[in-house]
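# Coordinates in review
Residue strings, one per chain:
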Amino acid sequence: MAAHTRTYAVVGLTLVAAVTAGCSGSGSHAGSGSPASGPTTAGGQVQPAPTESNPPGDIPDNQVYVSYRPAGGSFTGFTLKVPEGWARTGQGGTTAFTDKLNTVRISAVSASGAPTVGSVTKMVIPQLRTQVPKFSAPKVSEVTRHAGRVVLLTYQGDSAKDPVTGKVVRDAFERYAFYRAGHEVDLTLSGPVKADNVDPWRIVSDSFGWR
């Protein structure tokens, strides 16, 4: 009878040890599957990172600008700053720097006299009406930049249709006409009408200088 009692005790101890080991193993396995990092909702789902809410076309405040000096073309006697990293294209006497929805376009031509508010109104605006889709809201004025007094034409128009998405953007344009000694350089800055690019465009237009 004592032998049977000892046998039952050994079996009982064996079962307790097995259950204890099983519980310890389960706890170790659960610990190895650590929860995903990042904030979670009440339901335990990981929240995505917040999306930047800048309007389309905004040039970043930390944009770097580099000096541009034309190496060829009809006239090379000027320099200005353009945003670093923008794609550059050229055709004839025109060079353009583009990034996403914004463009800096520079054209150099020969001119018999300095542009005026009257000459831009009479000659440039009618020409742009035939070139810019849905051209509207033209306004001509004289403004001061570091290079001196220049004629500024502001207007709006539709962009070309995006070849991939088919979308058309409503653009705002600033066209500065710089002149010296028979040479005119037209600087056109464009981007979406809702973009806040006042400071970047001022940096570019103020950087223009003759050399």
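The coordinates are above.
Residues numbered from 1 in each chain as written. Predicted model: local features only at pLDDT ≥ 70, side-chain atom pairs only at ≥ 80, totals over all residues. Heavy atoms only, no water.

## Looking at the sheet that holds strand β6 (residues 136-145)
The condition that has to hold: When DSSP finds two or more bridges between two strands, those strands count as paired. What counts as a helix is a DSSP run of H or I of at least four residues, what counts as a strand is a run of E of at least two, and both are numbered from the N terminus. For helices, the axis comes from a line fit to the C-alpha atoms of the stretch in contact; other axes are also lines fit to C-alpha atoms, and the angle between any two N-to-C directions lies between 0 and 180 degrees.
Across the sheet, which stays open at both edges, the seven strands sit in the order β3-β4-β5-β9-β8-β7-β6 with antiparallel pairing between neighbours. This sheet does not close on itself; its edge strands, each paired only once, are β3 (87-91) and β6. Pairwise comparison of adjacent strand axes, ignoring direction, gives a mean angle of 20 degrees for this sheet. Bridging between strand β4 (residues 94-99) and strand β5 (residues 102-110) involves six bridges; their strand directions are antiparallel. From the neighbouring strand, Thr95 faces β5, where its bridge partner is Ile106.

## Looking at the pattern of salt bridges
Applicable threshold: When a carboxyl oxygen of Asp or Glu lies within 4 Å of a side-chain nitrogen of Lys or Arg, that pair is called a salt bridge. Classification of residues uses two cut-offs on accessible area relative to the type maximum, computed with a 1.4 Å probe and protein chains only: under 20% is buried, over 50% is exposed, and between them is partly exposed.
Tallying each qualifying case throughout the model produces seven salt bridges. Among the salt bridges present, the one from Glu142 reaches Arg149, with a minimum N-O distance of 3.1 Å. A relative accessible area of 55% means that Arg149 is categorised as exposed. For Asp158, the salt bridge goes to Arg170, with nearest N and O atoms at 2.9 Å. Here Arg170 lies in strand β8 (residues 170-180) and Asp158 lies in strand β7 (residues 148-158), a separation of 12 residues in the sequence.

## Description of the sheet that holds strand β10 (residues 209-210)
To keep things clear, this is the line we draw: Two residues qualify as a contact provided that any one of their heavy atoms is within 4.5 Å of a heavy atom in the partner residue.
Overall, antiparallel pairing links the three strands, which are arranged β1-β2-β10 in an open sheet. A single partner strand is all that each edge strand has here, and the edge strands are β1 (65-68) and β10. Lying over the sheet, helix α3 (residues 198-207) contacts β1, β2 (78-83) and β10, oriented at roughly 160 degrees with respect to β2.

## With respect to helix α2 (residues 117-131)
To keep things clear, this is the line we draw: To estimate how far a helix should extend, the number of its residues minus one is multiplied by 1.5 Å. Fitting axes to the seven residues that end at a residue and to the seven that start at it, the angle between those axes gives the bend at that residue.
In this model α2 runs 20 Å from its N-terminal to its C-terminal C-alpha over 15 residues, within 8% of the 21 Å that 1.5 Å per residue would give. If you look at α2, its biggest bend is around 35 degrees, right at Val124, and the proline Pro126 turns up within four residues after that. Inspection of α2 places Val120, Val124, Ile125 and Leu128 among the buried residues, and these make up the whole buried set.

## Structural notes on the side chain of Thr95
Stated precisely, the cut-off is as follows: For this analysis, a polar contact is any N or O atom pair within 3.5 Å, provided that within protein one partner can donate a hydrogen and the other can accept it, and provided that sequence-adjacent residues contribute only side-chain to side-chain pairs.
With respect to the secondary-structure elements, Thr95 resides in strand β4. A residue is classified by how much of its surface remains accessible, and Thr95, at 13% relative accessible area, is buried. Polar side-chain contacts of Thr95 include one of 3.3 Å to the side chain of Tyr68. Other than its neighbours up to four places away in sequence, Thr95 contacts Tyr68, Arg88, Thr89, Gly90, Val104, Arg105 and Ile106.

## Section: the packing of aromatic side chains
Rule in force here: For Phe, Tyr and Trp, where Trp contributes only its six-membered ring, two rings pair if their centres lie within 6.5 Å, and the inter-plane angle classes them as stacked under 30 degrees, edge-to-face over 60, or tilted in between.
Within the structure shown, the criterion is met by nine aromatic pairs. Aromatic pair Tyr155 and Phe173: ring centres 4.6 Å apart, planes at 5 degrees, arrangement stacked. Highlighted residues: Tyr155 in strand β7 and Phe173 in strand β8, separated in sequence by 18 residues. Aromatic side chains Phe178 and Phe208 sit 4.0 Å apart centroid to centroid with 20 degrees between the ring planes, which places their arrangement in the stacked category. You can see Phe178 sitting in strand β8 and its partner Phe208 sitting in the loop between α3 and β10, a full 30 residues away along the chain. Residue classification places Phe178 among the buried positions, given a relative accessible area of 2%. Residue classification places Phe208 among the buried residues on the basis of a relative accessible area of 3%.

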